[in-house]
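Spelled out, the chains give:
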Amino acid sequence: HSTMTSWGREKELDAMRNMLTQYPKGIVACVSDSYDVFQACEKYWGTELKDMITSRDGCLVVRPDSGELPKIVIDVLEKLGSRFDVTKTSTGHKLLPPCIRVIQGDGIDINSL
């Protein structure tokens, strides 16, 4: 979290932009719940930084890392899905575009899955 919080709340967008600038290729994972994960998904990743994300040669992995499981992951997927073009799989599931994914590692155990 310190990679985001060290910039301060007012510069969270700048911190996120910096992550994309410093890592223009490949996979980059970014903690997104330091202040407000939904603002991060809708306003920052899904609006302000969307062009950077969709045009980079790689994938941004959004990390919510806190919140009630599995609800937080579902909510984050829905927020991102409202800003990025999703497709439907052959089984009818929504799929974010290859440029953006979600990972939840903190607090996961066999019972929370």
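Now for a look at the structure at hand. Keep in mind it's a predicted model, so treat the numbers as computed, not measured.

Our focus in this paragraph is the pairing of strand S2 (residues 57-63). By the bridge criterion, seven bridges tie strand S1 (residues 25-31) to S2 in an arrangement that is parallel. The residue bridging Lys25 from the neighbouring strand is Asp57, located in S2. The pairing of S2 with strand S5 (residues 100-102) spans three bridges and is parallel. Its bridge partner lying in S5, Val62 is registered against Val102.

Geometry of an aromatic ring pair is reported as the spacing of the ring centres plus the angle between the planes. With the rule as written, the count across this model stands at zero aromatic pairs. Directly above the ring of Phe38 sits Lys79, whose terminal nitrogen or CZ lies 5.6 Å from the centroid.

Look at helix H2 (residues 12-22) against helix H3 (residues 37-48): their axes get within 11 Å of each other, and the N-to-C directions meet at 55°. When the axes of H2 and H3 are compared, the pair comes out oblique. The crossing of H2 and H3 is right-handed. Packed against H2, whose contacting residues are Glu12, Leu13, Met16 and Leu20, the element H3 presents Gln39, Ala40, Tyr44, Trp45 and Glu48 at the interface. Class assignment for the residues of the contact of H2 with H3 results in six nonpolar, one polar and two charged.

This brings us to unusual backbone geometry. A cis geometry characterises the amide bond from Leu69 onward to Pro70, with omega recorded as -5°. Here Pro70 shows up in the loop between S2 and helix H5 (71-81). Phi angles above zero are rare outside glycine, and Asp65 is one such case at about 60°. Tracing the chain through its elements places Asp65 in the loop between S2 and H5.

Conventions adopted
Residues numbered from 1 in each chain as written. Predicted model: local features only at pLDDT ≥ 70, side-chain atom pairs only at ≥ 80, totals over all residues. Heavy atoms only, no water. Pairing = 2+ DSSP bridges. Helix = DSSP H or I, 4+ residues; strand = E, 2+ residues; numbered from the N terminus. Phe/Tyr/Trp six-rings, centres within 6.5 Å; stacked < 30°, edge-to-face > 60°. Lys NZ or Arg CZ within 6 Å of the ring centre and 35° of its normal. Axes fitted to C-alpha atoms, helices over the stretch in contact; angles between N-to-C directions. Parallel < 35°, antiparallel > 145°, perpendicular 65-115°, else oblique. Left-handed = near helix turned anticlockwise from the far one by under 90°. Contact = heavy atoms within 4.5 Å. Nonpolar A, V, L, I, M, F, W, Y, C, P; charged D, E, K, R; others polar.

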